[in-house]
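Coordinate inspection notes
Listed below, chain by chain, are the residues.
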Amino acid sequence: MENGVITAGLEKYFNPETTEEVKVTEGTHAASYAVGLARVKVISAYPITPQTSIVEKLSEMCASGEIDAEFIKVESEHSAMACVIGSESTGARSFTATSSQGLALMHEELHWAAGARLPVVMVNVNRALGAPWNIWADQSDSLAQRDTGWVQLYAESNQEVLDMVLQAYRLAEEIMLPVMVNMDAFFLSHTTEPVAIPKQHLVDQFLPGYNPKFKMDIKDPRAFGGLATPDRYMELRYNIQKSMEGALDLIPKIADEYDAIIKRHHGGLVEEYLTEDAEYLLVTSGTITGTSRIVVDAFRNKGIKVGLLKMRVFRPFPVKVVQESAGRAKKIAVIDRNISFGQSGIFFNELKSALYNLETRPLINGYVAGLGGRDVTPSTIEKVINHLIAAEKGEDLIWMELNYESDEI
Amino acid sequence: MIEIRMHGRGGQGAVIACKILANALFREGKFAQSFPAFGVERRGAPVMAFTRIDDKPIHLRTQIYEPDHLIILDASLLQTIDVTVGLKPGGKILINSTLAPESFNLPDKYEVRTIDANSIAIANGLGSRSTPIVNTAILGAFSKFTGILGVTAIEAAIHDAVPIKKEANVRATHEAYEKLKTDPVALMMEQS
């Protein structure tokens, strides 16, 4: 295959009319290419494994003139977020990326970016938090930022990372809230696979230039960052909530618009795979979803009605679609690559809460698996489904495949 | 789906080899997914990298436990790690070594070939004499051994994915392709 030409037989996977070229590339670089296509003006980031190659690539692209952006080097993730808060305040489309402890260090300013209504887009490579040190996949970093006012999206493939970053800018700039695009450490970040790079003029059509209503401009001075007294603050919080709720309608709409122009669709708030008649529903996010597809197919081949609900969006939480989709099933298994200590897996907890007001509630089990990058194999997922089928009452927390004696399965 | 597991040591280029492999396979109209098993990366430490090949998009995202074929970049790993663990019967094992395939005493259910990729890499100025970068040479031999992909695709992938010494890497691929002995008569001659 030469650049720009798609090998015969692959046209159904990569639309030749919308694709500039197919790069065989890693998840981190898929994010970098998306940032270039989005014509981002300011990039500021601090390196942390496994995110580093996102910004390494971007700094190369800036240095070579491939993209026209300012790359601001900083001494910490806290400063990186501060930089993009500043640049977004001037109306410049901005980007940063981080992982794990780096995201934790940004925490204070994540609130600020959302409260100041700045449409920053950040890629977070989901990595476990220390102690002890661990560089591998785990969603505890992003999920700990649940209440900061950031939209949170989760990708399953490198292609979805690229498409999601472009859609994230559209969403962020429509609702004036920051968006975090998450990908699993190594299972995406360092995995090389084909990624279609869309044509720039089509991306420009989908994502036009950004020009906010209010911005810092010395020719048009305004006051920013003022004090909001008790008679004002609550309404500003209400506005954030309304914008978040608006995102529930916008995310599927933007995905459809992307599909109309770029000819690719990964689902809206969720992706439903064989859920229509599913008695047993598996709920996943990130790369566990891909492996689950294979296991769901295997159960279907045996005549057992298993379906898969892929969560693409964590904040805002898509309560309505979850109620519709999960409400049809008899039993639900949620697999979490994260844990809220003293409670359960975090997606599980949200799902369970979303289903509470249904008249007929399905049985729901929470499974924690794959923390700190441990492999979640087809066999792990098969065990989850078999356990669910046999379950007589719901269990909030079931640990999968622990290496020492416990009540795990 | 075909699954390949590569064993090497940090610095030999296993990770880049799998990237080149994925790139080359895609050029031949196949879907490919490759990734390293990251441990505590340091020069000389054992590393593993994986490549999956299929005619359709690959959804499976786990390490490879039951590979179809193995590539061993450092023969000394055979003494310390059970490299054949999970390898399917009939699997092909390509070893970077000056020794004959029989000298490794691997089970008969596997097909074993060796290639002196170190000498080829050194002759082409790839890496140093003590740590030659053997990844592109081994891919040339792998191409001939398995027929899974052609050297032309590997050559194009090297041009795309290798930042420096592109021509030297391409030469190493071709030389290894030429040198790998697949003819049973030639193999017997070598043993005798």
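Everything numeric in this text was worked out from a predicted model, so none of it was measured.

**A short note on the layout of surface pockets**
Residues and elements named next belong to chain A. Estimated volume of the second largest pocket: approximately 1000 Å³. Along the wall of the second largest pocket there are 30 residues; nearest its centre are Gly115, Ala116, Arg117, Phe224 and Gly225. Of all the elements in the fold, those that place two or more residues in the lining of the second largest pocket are helix 3 (77–89), helix 4 (100–115) and helix 8 (230–262). If one sorts the elements of the lining of the second largest pocket by residue count, helix 8 sits on top with 6 residues. Residues belonging to the lining of the second largest pocket are distributed by class as follows: 16 nonpolar, 7 polar and 7 charged.

**Observations regarding the sheet that holds strand 11 (residues 306–311) of chain A**
Residues and elements named next belong to chain A. Strand order across the open sheet formed by 6 strands is 9-11-10-13-14-15, with mixed pairing between neighbours. Of all the strands in the sheet, just strand 9 (270–273) and strand 15 (398–399) have a single pairing partner and so form its edges. By the bridge criterion, 4 bridges tie strand 10 (residues 280–284) to strand 13 (residues 331–336) in an arrangement that is parallel. Pairing of Leu282 across the sheet is with Ala333, part of strand 13.

**Focus: the pattern of salt bridges**
All names here are of chain A. This model, assessed by the stated rule, comprises 31 salt bridges over all chains. For Lys57, the salt bridge goes to Glu60, with nearest N and O atoms at 3.9 Å. Separated by 3 residues within a single helix, Lys57 and Glu60 lie in helix 2 (residues 52–63), roughly one turn from each other. A relative accessible area of 47% places Glu60 in the partly exposed class. Salt bridges here are not isolated pairs; linked through shared partners, they connect Glu156, Glu160, Glu271, Arg293, Lys310 and Arg312.

**Focus on the packing of helix 10 (residues 319–326) of chain A against helix 11 (residues 346–355) of chain A**
Residues and elements named next belong to chain A. The contact between helix 10 and helix 11 brings their axes to 9 Å, and the two run at 80°. Looking at the two axes, helix 10 sits roughly perpendicular to helix 11. Two secondary-structure elements touch here, helix 10 through Val319, Val322, Gln323 and Ala326 and helix 11 through Leu351, Ala354 and Leu355. Of the residues belonging to the contact of helix 10 with helix 11, the class tally is 6 nonpolar, 1 polar and no charged.

**Observations concerning helix 8 of chain A**
Residues and elements named next belong to chain A. Taking 1.5 Å per residue, 33 residues should reach 48 Å; helix 8 reaches 46 Å between its end C-alpha atoms and fits that length. Of all bends in helix 8, the biggest is about 35°, found at Asp249, and the proline Pro252 comes one to four residues later. Elements that come into contact with the buried residues of helix 8 comprise helix 4, strand 6 (151–154), helix 6 (158–175), strand 8 (192–198), helix 7 (200–206) and strand 12 (313–315). In the stretch just after helix 8, Lys263 is the one whose phi turns positive, near 65°.

**Topic: the domain arrangement of chain A**
One widely used convention gives an interface's size as the accessible area the parts lose upon coming together. Residue and element names in this part refer to chain A. For chain A, the assigned domains are domain 1 (10–262) and domain 2 (270–399). Placing the centre of domain 1 and that of domain 2 at their C-alpha centroids yields a distance of 27 Å. With 25 residues of domain 1 in contact, the opposing surface of domain 2 contributes 28 residues. For the interface between domain 1 and domain 2, the tally reads 5 salt bridges. One salt bridge in this structure joins Arg293 and Glu156, with 2.6 Å as the shortest N-O distance. Our count for the domain 1 to domain 2 interface comes out at 16 residue pairs in polar contact (both at pLDDT 80 or more). Secondary structure elements with two or more residues in the side of domain 1 that touches domain 2: helix 5 (140–143), strand 6, helix 6 and helix 8. Looking at side-chain class alone, the side of domain 1 that touches domain 2 contains 16 nonpolar, 4 polar and 5 charged residues.

**Here's the deal with the pairing of strand 11 of chain A**
All names here are of chain A. Among the 6 residues in strand 11, 6 count as buried, and that is most of the element. A two-sided burial pattern is seen for strand 11, the buried positions comprising Val306, Leu308 and Lys310 on one face and Gly307, Leu309 and Met311 on the other. Bridging between strand 9 and strand 11 involves 4 bridges; their strand directions are antiparallel. The residue of strand 11 that forms the bridge with Glu271 is Lys310. Here strand 10 runs beside strand 11; their pairing, made up of 5 bridges, is parallel. When the sheet's bridge partners are listed, Leu282 is paired in strand 11 with Leu308.

Rules and cut-offs
- Residues numbered from 1 in each chain as written.
- Chains lettered and ligands numbered in written order.
- Predicted model: local features only at pLDDT ≥ 70, side-chain atom pairs only at ≥ 80, totals over all residues.
- Heavy atoms only, no water.
- 1 Å grid on protein atoms, 1.4 Å probe; cavity = no way out; pocket = protein on both sides within 12 Å on 5 of 7 lines; lining within 4 Å.
- Points joined across faces, edges and corners; volume = space filled by probe spheres on them.
- Helix = DSSP H or I, 4+ residues; strand = E, 2+ residues; numbered from the N terminus.
- Nonpolar A, V, L, I, M, F, W, Y, C, P; charged D, E, K, R; others polar.
- Pairing = 2+ DSSP bridges.
- Salt bridge = Lys/Arg side-chain N within 4 Å of Asp/Glu carboxyl O.
- Buried < 20%, exposed > 50% of the residue type's maximum accessible area, 1.4 Å probe, protein only.
- Axes fitted to C-alpha atoms, helices over the stretch in contact; angles between N-to-C directions.
- Parallel < 35°, antiparallel > 145°, perpendicular 65-115°, else oblique.
- Contact = heavy atoms within 4.5 Å.
- Expected span 1.5 Å × (residues − 1).
- Bend = angle between axes of the 7 residues up to and from the residue.
- Domains from an automatic or database assignment.
- Polar contact = N/O pair within 3.5 Å; in protein donor to acceptor, adjacent residues only side chain to side chain.

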